[in-house]
Amino acid sequence: MRRFSTIFLIGFFSIYLIAALTPLGLGIFESGWKFSYQNPAEIYYVDRPSVLFTIVPYFSDYKEIVSWIGILQPTNGGDFAGILAFNRHYYEGLGNTYSLEYYIAGGKPGLSWGGKVSTEYMALSAATDYSLKVSFGIDGFYKVLRYGFSIEDLYLYSTNPSVYMMGKYVAAMGIFTKYFAFHAGGYTLNFDKYGGYAGIAFDLLKVAFGGRAEYLYDPSLSKGYFGYQLGAVINIDYISIGGAYGTFVQPVDYKIPFTDVGKKQAFMFSFNIKY
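Residues numbered from 1 in each chain as written. Predicted model: local features only at pLDDT ≥ 70, side-chain atom pairs only at ≥ 80, totals over all residues. Heavy atoms only, no water.

## Notes on the overall build of the chain
Just so we agree on the cut-off: Secondary structure counts use DSSP, requiring at least four H or I residues in a row for a helix and at least two E residues in a row for a strand, with both numbered from the N terminus. Note on contacts: a residue pair qualifies if any of its non-hydrogen atoms lie within 4.5 Å across the two residues. Computed by Shrake-Rupley with a 1.4 Å probe, the accessible areas treat only the displayed protein chains as cover when residues are assessed.
When its secondary structure is counted, the chain shows zero helices and 14 strands. Each helix and strand of the chain, ordered N terminal to C terminal, gives the series β-β-β-β-β-β-β-β-β-β-β-β-β-β. Of the contacts made within the chain by residues no fewer than 6 positions apart, 53% connect residues no fewer than 24 positions apart. Looking at the chain as shown, the accessible area adds up to about 11,100 Å², and 70% of this sits on carbon and sulfur atoms.

## A short note on the nonpolar core
Which entries qualify depends on this criterion: For our purposes a nonpolar core is just a set of buried Ala, Val, Leu, Ile, Met, Phe, Trp, Tyr and Cys residues, chained together by side-chain atoms within 4.5 Å. Exposure is judged per residue with a 1.4 Å probe applied to protein chains only, and the accessible area is read against the type maximum: over 50% gives exposed, under 20% gives buried, and values in between give partly exposed.
If you look at the biggest cluster of nonpolar residues, it comprises 15 residues, and the most contacted ones within it are Ile43, Trp68, Leu72, Ile83 and Tyr103. Looking at this core, the elements that each hand over two or more residues are β2 (64–73), β3 (81–91) and β4 (95–108). Considering every element that reaches this core, the biggest residue donor is β3, with three residues. With seven residues, the next largest nonpolar core counts Val56, Val66, Phe248 and Met268 among its residues.

## Brief notes about the environment of Ala105
As for its placement among the helices and strands, Ala105 is situated in strand β4. With 32 residues separating them along the chain, Ala105 and Gly137 place their C-alpha atoms 9.2 Å apart. Other than its neighbours up to four places away in sequence, Ala105 contacts Pro40, Ala41, Ile43, Tyr44, Asp79, Phe80, Ala81, Trp113 and Gly114.

## A closer look at the pairing of β3
As a reminder of what qualifies: If DSSP finds at least two bridges between two strands, the strands pair.
The pairing of β2 with β3 spans ten bridges and is classified as antiparallel. Looking at the pairing, Glu64 lines up with Tyr91 of β3. Bridge analysis of β3 against β4 gives eleven bridges, and the strand direction is antiparallel. Opposite Asn87, over in β4, you have Ser99 as the bridge partner.

## Looking at the pattern of salt bridges
Defined as follows: Put simply, a salt bridge is a Lys or Arg side-chain nitrogen that is within 4 Å of an Asp or Glu carboxyl oxygen.
Counting across every chain of the model gives six salt bridges. Ionic pairing is found between Asp153 and Lys116, a salt bridge with its closest N-O pair at 2.9 Å. Residue Asp153 is located in strand β7 (residues 145–158), and its partner Lys116 is located in strand β5 (residues 111–124); the two are separated by 37 residues in the primary sequence. Considered together, Asp153 and Lys116 belong to a single accessibility category, that of buried residues. With its nearest N and O atoms 3.0 Å apart, the salt bridge here joins Glu120 to Lys133. You can see Glu120 sitting in strand β5 and its partner Lys133 sitting in strand β6 (residues 128–142), a full 13 residues away along the chain. For the pair shown, Glu120 and Lys133 are each scored as buried.

## Side note on the environment of Phe180
For Phe180, the position within the fold is in strand β9 (residues 180–189). In sequence terms Phe180 and Phe202 are 22 residues apart; their C-alpha atoms lie 4.7 Å from each other.

## A word on the packing of aromatic side chains
Threshold: Paired rings are identified among Phe, Tyr and Trp, the last through its six-membered ring, by centres lying within 6.5 Å, and are further divided according to the angle between planes into stacked (under 30 degrees), edge-to-face (over 60) and tilted (the rest). Look at NZ for Lys and CZ for Arg. If either is within 6 Å of the ring centre and within 35 degrees of the ring normal, a charge sits over the ring.
Throughout the structure, instances matching the rule amount to twelve aromatic pairs. A centroid spacing of 4.8 Å and a plane angle of 45° characterise the contact between Tyr245 and Phe267, whose relative ring orientation is tilted. Taken together, the residues Tyr245 in strand β13 (residues 239–249) and Phe267 in strand β14 (residues 263–274) connect sequence positions 22 residues apart. A relative accessible area of 31% means that Tyr245 is categorised as partly exposed. Under the relative-accessibility criterion, Phe267 is labelled partly exposed at 41%. One residue, Arg212, lies across the ring of Tyr197, its end atom 4.6 Å from the ring centre. Between the NZ or CZ atom of Lys264 and the centre of the ring of Tyr58, over which it lies, the distance is 4.4 Å.

It is worth stressing that arrangement in space is one thing and function is another; only the former is reported here.
Set out below in structure tokens:
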């Protein structure tokens, strides 16, 4: 089995637009009350300049900690929105993976496109790898229907040839009202693992909360994995504070990047300052 390295990027954001209630990406805690930025077209709805910090500790056979900090820039009158971010993934006893990422999105309300370019450096005890990855996506609305398509973290280059051209392919849609949203989607990891999810969200402006259930099937093992996440966010003037708890599912025979992980418990904390 070839090694598949999935980025554990988690971004978090909650704003007051109907269009921004529920992102359609497949972030680890994509629970309907924050942006995951897995689909880069989502960043078109960033409403004001801000700095965002997210930290996620995982608990499994190996402890892991993901930290992400980004500078977010809105469209400024309908041009382009962007994010410049740095990501660090710590693996207990193994080392670290570092990523520098740039996102850009454009379009118009109701139909946006986006892309991401990231450089990745794996400084691990088993090996040292350099990689270049890209993501593409669209995010659209038709009345109360929202839809999204994306190709995420596609390896264009790597010193590890086994991950070349690997990636995640995602399609999703949802029904949105001003205070409520339901969304569902499907994805494949390099066309040999398949997953689906459904989520629900409630947005009360100052407080938002939601949940998500996911099922990932591995045909080579004839085995499935079930995961769930629950979370909430509080908006206080120019500050958003959020938290979540749940499980992240991943096939045991995948290496991320050098350890068998299966199902992992994780917490998330996110802090966003708008200015």
